[in-house]
Amino acid sequence: MEILLSRIGEVVEGKLSGGYDNIICGAAPFDMATQDDITFADTAKFLKKIDKTDAGAVIVPKNFTRSSKPVVMVENPRVAFAKVLAIFYPPAKPEYLNSPAGISSNTYIGKNFLCGKDISIAPFAVIQNNVTLGDHVIIHPNVVVGDNVVIGNDVKIYPNVTILERCRIGNRVIIHAGTVIGSDGFGFAPDGESYFKIPQTGIVQIDDDVEIGANNTIDRATFGKTRICRGVKTDNLVHIAHNVTVGENSVIVAQVGISGSVTIGKHAILAGQAGIAGHITLGDNVTIGPQAGVAASVQNGQVMSGSPEMPHRLWLRVQRIIYKLPELKKNLSEIEKRLNMIEGRTP
Amino acid sequence: MEILLSRIGEVVEGKLSGGYDNIICGAAPFDMATQDDITFADTAKFLKKIDKTDAGAVIVPKNFTRSSKPVVMVENPRVAFAKVLAIFYPPAKPEYLNSPAGISSNTYIGKNFLCGKDISIAPFAVIQNNVTLGDHVIIHPNVVVGDNVVIGNDVKIYPNVTILERCRIGNRVIIHAGTVIGSDGFGFAPDGESYFKIPQTGIVQIDDDVEIGANNTIDRATFGKTRICRGVKTDNLVHIAHNVTVGENSVIVAQVGISGSVTIGKHAILAGQAGIAGHITLGDNVTIGPQAGVAASVQNGQVMSGSPEMPHRLWLRVQRIIYKLPELKKNLSEIEKRLNMIEGRTP
Amino acid sequence: MEILLSRIGEVVEGKLSGGYDNIICGAAPFDMATQDDITFADTAKFLKKIDKTDAGAVIVPKNFTRSSKPVVMVENPRVAFAKVLAIFYPPAKPEYLNSPAGISSNTYIGKNFLCGKDISIAPFAVIQNNVTLGDHVIIHPNVVVGDNVVIGNDVKIYPNVTILERCRIGNRVIIHAGTVIGSDGFGFAPDGESYFKIPQTGIVQIDDDVEIGANNTIDRATFGKTRICRGVKTDNLVHIAHNVTVGENSVIVAQVGISGSVTIGKHAILAGQAGIAGHITLGDNVTIGPQAGVAASVQNGQVMSGSPEMPHRLWLRVQRIIYKLPELKKNLSEIEKRLNMIEGRTP
């Protein structure tokens, strides 16, 4: 693909410093870009050595002009670069569909199927009864969509995903392969020696612009809904239990586990392998460190680390001492000896 | 659905205090129930405010009568409520089957298939050779059942589950979506620079009344069997390695990992993200805390927390000190200074 | 199956001490073997009691002859035993194929499919466009192979695996059920309130002799490749993020999470549930303990444990003190009291 640099400038709403008619054929990182590529630099580290990249043009922050090569000045170079990447590497459109309606012949489509325009349903996908899909929905192979599921526009469901009955998926949602949406919440009533299963009557609702990683498990609510709010991104192998709410634009890194009835605010970040105990609340803009075990609610804006959790700054100090515990213990023994000496000496 | 309160009383084997002819249309939690619903209260917290719920009737413990509204008195209100929920929200019965025998036309059924009555095999399920299914088995779409697998009665296998050759599944077992039963145990013999695969010749046996969560992995034994005993419940993303035995009615919470050849007793509870080292034994009624890392065997009835594990009560005390390590270190420095002073002063 | 002991000796390149014409019908562990079985003993513990096994023959280390029963002396008894197991328990060859070309009639095969000889493609597998398979490849049911994927010889892909577009799989690779290869890396550019998706343009490359466990997730690179080098073995539920390199013959135990752009050397061992922070390097022959959280690069040959990580020997000493923190704190209080006394007493 060949694109004029000036056209790229338009797409990212940037300002050019020359090179309007230069032809760009790809986008690549600073150190991998060649003469035909555009790259980006948004930190002092890279801006300082901007003339060292082989790229034919560089996306830079507003008002940055100290460059011998053409630059595209934008508000947010990283986002602009992602937009350019999306031009050169558009999402693959499945070509295995062999029906004009976009539905492969070897699918199973249940009763009362309603769908928008320009959908793609791949081989061996199962659409159960009373399912609604919006426009431009792509259902990859071996996906199972349960009874009464509603899916919005521009949604992409990767292979081997399971979406169980009555769950609701918003617009522009991406669900990566192997993920399960709407499995039963883990609810049992102790009944003497054994456990009696508590029916899980609720659903999972995933709002607009959410991206769910591969092999996640998101359980349906016992009553009501487990809710993943607008803009949330989850990494791979994340577990979200019944009746959890994850607030808008929160980020859940790989292998995090969130117990039942937890409420998470907006713009939270949960680092990898963290675990959140049941029935607590994490406020807006909370950050939870990797492998943290959070047992109590966390106020807005707090940064917590460790297992059990503590304020991150305290945790940093604690950790430094943990390494030195053997030394500290030795000091204590010496002090005791000195004290014994003194006590022996003094009257 | 409309049910007489007296009928509900019969189902849960409870005693009514009036309202025999009241009509109940649903079941809901204490705070969400409306006039037409039945709810339950089993703790002082809820029993105290029993007249505050809008529910038309309340399931309560035996001998509790202090209520202005009809109550159903039972041994175990939580279990009774779960039973009522199961009436109002019966498990969905798949309707996508289009063959009188209950086998969808677009399945693959191998040789020597034996099955009981009233089974359902959904589209794109694969039943390999010499498979036996009991009565009332539901195989959801895209499930793969390997050669020589035997499955009991009233079993439900959710979509995209894989059950590999020779594994055995008991009666009334539920396996949630995406789970893998019978993958090879992780066994390799170091052979100079590389590893030589040790064939995993055993199976997985899952006994009656077990429920396995979504995206679990349960490995087959090297020899003999990996065994999940009667009544065990596992949450999502649980890993159970080769040759493990999980005893009756034990509960394994999400993201727990159990290493090879571990034996777990009856009624154990392993909280979320705990890890159990290989070749150890956890006794009956053991409780393991969240994120605990258990490296040594645990006696019957013990409660262990932390990584590495310690008795829970010790762990509680340890944790309280962990937070205060910086303070403790400071105290120690001060003591040293005071000691220096004293040593300078004393003869 | 009946095999002459002398034939087994040939297969494992071992030296017999008699019993050349004995017939062996199976292979089993030391304590489970019967008269018809062969077993192995490679440690003092078992060699000492070699006459206690019921096995008809025993594989032993070179030059070990103190046995009343026939022995097969080899360099590496464990590897030799695994080889014998592979004779008695050859990997199951799927029989559900109904086409002479080895491709089940109910599969989806895209355009420009190229394959070697003796392949097996099971029902409801999807091979998208421009896929290349080598000789003796077995694709189990419900596997999805994306556009332009290249797979080598003697590869086995278990059910419900997803391999997304352009990924490359070497020779003699095994991928267990439910695993996802080539999901998008977790890359987003913060854009005011929300996140903008960074297209993940790279691939996953899996080299020869790799075995990947069940329900793993291995993300494609943002640019270039995520690479799993020759001989690597991963257990179940492992997460490997974008742009990671795992060096030759490294072993990744269950539920390990490896963050983006991590480089791991050869012969590393990462124990269960360990987490590795992004952009760091673990050297050759590194060992990481279970549940360790590794935040900084680790030099060749180091053994690290704990979260955050520390040298394993230090960690052992630290752990011993952790248990005794309450005691240590009490000691400190007593010392303070004694000091107060002394200070009161001394002038």
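Along each chain, the written sequence defines residue order, and numbers are assigned to residues from 1. Think of it this way: whatever chain is written first is A, whatever ligand is written first is 1, and the rest follow in order. It should be noted that, the model being predicted, local features are given only for residues of pLDDT at least 70 and side-chain atom pairs only at 80 or more, the latter also being counted only at that level, while totals for whole chains, interfaces and linings use all residues.

(A) Structural context of the overall build of chain A. The way it works is that DSSP assigns letters per residue, a run of H or I at least four long becomes a helix, a run of E at least two long becomes a strand, and they are numbered from the N terminus. A tally of helices and strands in chain A yields 5 helices and 39 strands. Computation of the radius of gyration draws on C-alpha atoms, with the globule rule given as 2.2 Å multiplied by the number of residues to the power 0.38. The C-alpha radius of gyration of chain A comes to 27 Å, more than 25% above the 20 Å expected for a compact globule of 347 residues. Projected onto the principal axes, the alpha-carbon positions of chain A cover approximately 100 × 70 × 30 Å. Buried residues are those with 20 or more other C-beta atoms within 10 Å of their own C-beta, exposed residues have 12 or fewer, and partly exposed residues lie in between; C-beta atoms are placed from the backbone. In chain A, which comprises 347 residues, the share counted as buried stands at 56%.

(B) Spotlight on the relation of the copies chain C and chain B. A residue counts toward the fit only if its pLDDT is at least 70 in both copies, and the copies are then superposed by least squares on the C-alpha atoms of those residues. Between chain C and chain B, the superposition needs a rotation of 120 degrees and an axial shift of 0.0 Å, giving an RMSD of 0.1 Å. Overall, the copies show the geometry of a three-fold rotation axis.

(C) Structural detail: the pairing of strand β22 (residues 194-197) of chain C. Alternating positions in β22 of chain C separate cleanly, Y195 and K197 of chain C being buried on one face and S194 and F196 of chain C remaining unburied on the opposite face. Only when DSSP finds a minimum of two bridges between them are two strands counted as paired. Between the end of strand β21 (residues 188-191) of chain C and the start of β22 of chain C, which pair antiparallel, lie 2 residues, with G192 of chain C showing a positive phi angle near 65 degrees.

(D) Expanded view of helix α3 (residues 77-88) of chain B. Over its 12 residues, α3 of chain B extends 17 Å from the first C-alpha to the last, a length consistent with the 16 Å expected when each residue adds 1.5 Å. Listing the buried residues of α3 of chain B in full gives P77, V79, A80, F81, A82, K83, V84 and L85 of chain B. Under the convention used throughout, the expected extent of a helix is 1.5 Å for every residue step, that is, one less than its residue count.

(E) Spatial organisation of the interface of chain C and chain B. Taken together, the contacts link 54 residues of chain C with 56 residues of chain B. At the level of secondary structure, the elements contributing two or more residues to the side of chain C that touches chain B comprise α3 (77-88), α4 (312-323) and α5 (325-345) of chain C. Here the side of chain C that touches chain B is composed, by residue class, of 28 nonpolar, 17 polar and 9 charged. A residue pair is marked as a contact if its C-beta atoms, positioned from the backbone, fall within 7 Å. The nonpolar class holds Ala, Val, Leu, Ile, Met, Phe, Trp, Tyr, Cys and Pro. Asp, Glu, Lys and Arg form the charged class, and all remaining residues, Gly among them, are polar.

(F) Spatial organisation of the relation of the copies chain C and chain A. Of the two same-sequence chains, chain C is brought onto chain A (RMSD 0.0 Å, axial shift 0.0 Å) by a rotation of 120 degrees. A different interface surface on each copy is seen, since only 20% of the contact residues of chain C are contact residues in chain A too.

(G) Structural context of unusual backbone geometry. Of the consecutive residues S307 of chain A and P308 of chain A, the connecting peptide bond is found in the cis state with omega at 0 degrees. Tracing the backbone through its elements, the reader meets P308 of chain A in the loop between β38 (303-305) and β39 (310-311). With phi around 55 degrees, N112 of chain A is a residue other than glycine that occupies positive phi space. Looking at the secondary structure, you find N112 of chain A in the loop between β8 (108-109) and β9 (114-115). One non-glycine residue with positive phi stands out, namely H267 of chain C, at about 55 degrees. Counting through the fold element by element, H267 of chain C comes out in the loop between β32 (263-264) and β33 (269-270). In this structure H267 of chain C comes out as buried when scored by C-beta crowding, with 21 C-beta atoms within 10 Å.

(H) Broad picture of the interface of chain C and chain A. Each side of the interface is counted separately: chain C has 56 residues, and chain A has 54 residues. Elements with a contribution of two residues or more to the side of chain C that touches chain A: β20 (180-183), β21, β22, β25 (217-219), α4 and α5 of chain C. Of the residues contributing to the side of chain C that touches chain A, the split by class is 26 nonpolar, 20 polar and 10 charged.

(I) Fine view of the sheet that holds strand β12 (residues 132-133) of chain A. All names here are of chain A. With respect to topology, 9 strands assemble into an open sheet ordered β9-β12-β15-β18-β23-β26-β29-β32-β35, the strand pairing being parallel. Looking at the sheet topology across the chains shown, the edges are occupied by β9 and β35 (281-282). Pairing analysis gives 2 bridges linking strand β32 (residues 263-264) to β35, with the strands arranged parallel. Bridge pairing in β35 links I264 to L282.

(J) Quick look at the sheet that holds β32 of chain C. All names here are of chain C. Strand order across the open sheet formed by 9 strands is β9-β12-β15-β18-β23-β26-β29-β32-β35, with parallel pairing between neighbours. Among the strands making up the open sheet, the edge pair consists of β9 (114-115) and β35 (281-282). As paired strands, strand β29 (residues 245-246) and β32 are joined by 2 bridges and run parallel to one another. Residue pairing for β32: T245 is matched across the bridge by T263.

(K) The arrangement of the pairing of strand β20 (residues 180-183) of chain B in detail. Residue and element names in this part refer to chain B. In terms of strand pairing, strand β17 (residues 162-163) meets β20 through 2 bridges, oriented parallel. Looking at the pairing, I163 lines up with I181 of β20. The sheet contact formed by β20 and strand β25 (residues 217-219) spans 3 bridges and is parallel. From the neighbouring strand, V180 faces β25, where its bridge partner is T217.

(L) Fine view of the environment of G289 of chain C. Residue and element names in this part refer to chain C. Looking at the secondary structure, you find G289 in the loop between β36 (287-288) and β37 (293-294). By C-beta crowding, G289 is classed as buried, having 23 other C-beta atoms within 10 Å. Measuring from C-alpha to C-alpha, the distance between G289 and A274 comes to 6.9 Å, with 15 residues separating the pair along the chain.

(M) Spatial organisation of the domain arrangement of chain A. Boundary definitions for the domains trace back to an automatic or database domain assignment. Structurally, chain A comprises domain 1 (3-88), domain 2 (161-308) and domain 3 (319-345). Computed from C-alpha coordinates alone, the two centres of domain 1 of chain A and domain 3 of chain A are separated by 60 Å.

(N) Region of the structure containing the environment of I203 of chain C. Residue and element names in this part refer to chain C. Looking at the secondary structure, you find I203 in strand β23 (residues 203-206). Under the C-beta neighbour-count criterion, I203 is labelled buried, with 22 such atoms within 10 Å. Taking the C-alpha atoms as reference points, I203 and N171, separated by 32 residues in sequence, lie 17 Å from one another. With near-sequence residues (within four places) excluded, I203 lies in contact with R166, C167, R168, G182, R220, A221 and K225.

(O) Structural context of the environment of V318 of chain C. All names here are of chain C. Inspection of the secondary structure puts V318 in helix α4. For V318, a count of 18 C-beta atoms within 10 Å gives the class partly exposed. For the pair formed by V318 and G306, sequence separation is 12 residues and the distance between their alpha carbons is 9.7 Å.

(P) Structural view of the confidence of the model for chain A. Confidence of the prediction at every residue is given by pLDDT, a number between 0 and 100. Averaged over all residues, the pLDDT of chain A is 95; the fraction at 70 or higher stands at 97%. In the model output, the complex is listed with pTM 0.96 alongside ipTM 0.95.

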